[in-house]
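# Fold and geometry: a report
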Amino acid sequence: QVQLVESGGGLVQAGGSLELSCVASGFTCNRTNMGWFRQAPGKERVIVTAISGSGGRRFEAASAKGRFTISRDTAKNTVYLQMNNLKPEDPAVYYCAASRDDPLAPLTATPGRYEYWGQGTQVTVSS
């Protein structure tokens, strides 16, 4: 049974940092294309960043460049999102997702290409 469990969200001041984690079960996440998405109130769910299941290729949304980094710990079967220099526009529910796409294929930003999703974790930024 495939499961993704996110944690690490919370309240942080603008300019601060948070690390989100996503513990995977039922599959090997380092052989799977993994992504982080976010959805702010009243807005669409959008890609933040992703990593491929082959070669560790990465995709970053423009809003994430230079601030957010996706990584994996093979031993823990866990994906992380390190968020630095958080801004007032970053508050959202952040979701971990896994894709059945070929790990060698280009990473996609389309939520519909990710079949498995975590429950989400809330990130709030204060000024």
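Note: the structure precedes this text.
Residues numbered from 1 in each chain as written. Predicted model: local features only at pLDDT ≥ 70, side-chain atom pairs only at ≥ 80, totals over all residues. Heavy atoms only, no water.

### Concerning the overall build of the protein
- Along its length, the protein carries zero helices and eleven strands.
- Ordered by position in the sequence, the α and β elements of the protein form the string β-β-β-β-β-β-β-β-β-β-β.
- Whereas a compact globule of 127 residues would reach a radius of gyration of roughly 14 Å, the protein reaches 14 Å, a difference of no more than 12%.
- By its C-alpha atoms, the protein is 40 × 25 × 25 Å across when sized along the principal axes.
- Here the protein holds 127 residues, and 43% of them are scored as buried.
- Of the accessible surface of the protein, which amounts to about 6,300 Å², a share of 49% is contributed by carbon and sulfur atoms.
- One finds the centroid of the 13 positive side-chain charges in the protein at a distance of 2 Å from the centroid of its 10 negative side-chain charges. (Helix = DSSP H or I, 4+ residues; strand = E, 2+ residues; numbered from the N terminus. Rg over C-alpha atoms; globule rule 2.2 N^0.38 Å. Buried < 20%, exposed > 50% of the residue type's maximum accessible area, 1.4 Å probe, protein only. Areas by Shrake-Rupley, 256 points an atom, 1.4 Å probe, with all protein chains shown as cover. Lys, Arg positive; Asp, Glu negative; His and termini not counted. Charge placed at Lys NZ, Arg CZ, Asp CG, Glu CD.)

### Some words on the side chain of asparagine 77
- Tracing the sequence through the fold places asparagine 77 in the loop between strand 7 (68-73) and strand 8 (78-83).
- The exposure class assigned to asparagine 77 is buried, which follows from its relative accessible area of 15%.
- When near neighbours in sequence (up to four residues on either side) are disregarded, asparagine 77 contacts Cys22, Val23, Ala24, Ser25, Phe27, Thr28 and Cys29. (Contact = heavy atoms within 4.5 Å.)

### Description of the nonpolar core
- Residues Leu4, Met34, Trp36, Phe68, Leu81, Met83 and Tyr94 are the most contacted members of the largest nonpolar core, which totals 26 residues.
- Mapped by element, the contributors of at least two residues to this core are strand 3 (18-25), strand 4 (33-39), strand 5 (46-51), strand 7, strand 8, strand 9 (92-99) and strand 11 (121-126).
- Among the nonpolar cores identified, the runner-up in size contains seven residues, and Ile47, Ala50, Leu107 and Tyr114 belong to it. (Core = buried A, V, L, I, M, F, W, Y, C linked by side-chain atoms within 4.5 Å.)

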